[in-house]
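Structure assessment
Here is what each chain is made of, one letter per residue.
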Amino acid sequence: MKLSHLVIINLKQIIIFSGLVLGAVSLHAAESLPYYDSQDFSPRWLEANSPELEDFHRIPAFSFTDQDGNTVTEQTFKNKVYVAGFFFSTCPGICPKIRSKLAKVQETYLDTANVKILQHSIRPTSDTIDLLKDYADEHDIKSGHWYLVTGEKESIYSLAKSAYFASEDLGNIQNTNDFLHTERILLIDKNRHIRGIYNGLNSASMDYLISDINTLLSQ
């Protein structure tokens, strides 16, 4: 057999093998999601029954007030998947763009009781309950599906930085003492573990979010 024929055969084998590997990787990605426990968001691939998850990073207990004046705690999201982020009602920049992307998430899961959206105001002193209610009504944000919460600034900022890893590395500078406003959206599973990070300004990224929500719902 000529050398050229051997090269062609080997090349075909490499292509076939590569396709099988890529298919396996794609299948794995479709059936499971990583866990995150640090500010650099390095993925940790763990089995759902892994002993490591017993002490793994999770969103701690919290208590805020939503646009309807109701108390919202971690128990509100017990056994539910939720999408978390930060905003403020008078934000003229990235907030409206992120809101339009989250509206698609709301529409997709409007009839699904165990998928929620939680946005924390980073200007809680000015984002009163009444103002959040008007904001929700204006933008068709559905109560019981999409929570806009306010509360003590220290509590919100502490949760943002230590639990959701919002930091000075993320987002756009505001002309205030607020931490840098982040466009990142996070996916939280029913055990309050972080399972995905997405760019709330990017449509493709938010499509991945919806796909990953479906993955968690199927598990």
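First things first, this report covers the structure right here in the doc. (Residues numbered from 1 in each chain as written. Predicted model: local features only at pLDDT ≥ 70, side-chain atom pairs only at ≥ 80, totals over all residues. Heavy atoms only, no water.)

Let us now look at the packing of helix H2 (residues 94-108) against helix H5 (residues 203-217). One can describe the packing of H2 onto H5 by two numbers: an axis separation of 10 Å at closest approach and a directional angle of 25°. Taken together, the axes of H2 and H5 are roughly parallel relative to one another. In terms of crossing hand, the pair formed by H2 and H5 is right-handed. Residue-level inspection shows Lys101, Leu102, Lys104, Val105 and Thr108 of H2 in contact with H5, the latter providing Ser203, Met206, Asp207, Leu209, Ile210 and Ile213. (Axes fitted to C-alpha atoms, helices over the stretch in contact; angles between N-to-C directions. Helix = DSSP H or I, 4+ residues; strand = E, 2+ residues; numbered from the N terminus. Parallel < 35°, antiparallel > 145°, perpendicular 65-115°, else oblique. Left-handed = near helix turned anticlockwise from the far one by under 90°. Contact = heavy atoms within 4.5 Å.)

Okay, unusual backbone geometry next. Phi angles above zero are rare outside glycine, and Asn79 is one such case at about 60°. Take Asn79: it is sitting in the loop between strand E2 (71-73) and strand E3 (81-87). A relative accessible area of 53% means that Asn79 is categorised as exposed. You will see that Phe165, though not glycine, has its phi angle at about 60°, which is positive. Inspection of the secondary structure puts Phe165 in the loop between helix H4 (153-162) and strand E6 (184-188). For Phe165, a relative accessible area of 7% gives the class buried. (Buried < 20%, exposed > 50% of the residue type's maximum accessible area, 1.4 Å probe, protein only.)

We now examine the side chain of Lys116. With respect to the helices, strands and loops of the structure, Lys116 is situated in strand E4 (residues 115-121). For the buried residue Lys116, which engages in no salt bridge, the nearest side chain bearing the opposite charge is Asp66, 10 Å off. Among the polar contacts made by the side chain of Lys116, one reaches the main-chain carbonyl oxygen of Gly144 at a distance of 2.7 Å. Dropping the residues within four chain positions of it, Lys116 is found in contact with Phe77, Lys80, Val81, Tyr82, Val83, Gly144, His145 and Tyr147. (Lys, Arg positive; Asp, Glu negative; His and termini not counted. Salt bridge = Lys/Arg side-chain N within 4 Å of Asp/Glu carboxyl O. Polar contact = N/O pair within 3.5 Å; in protein donor to acceptor, adjacent residues only side chain to side chain.)

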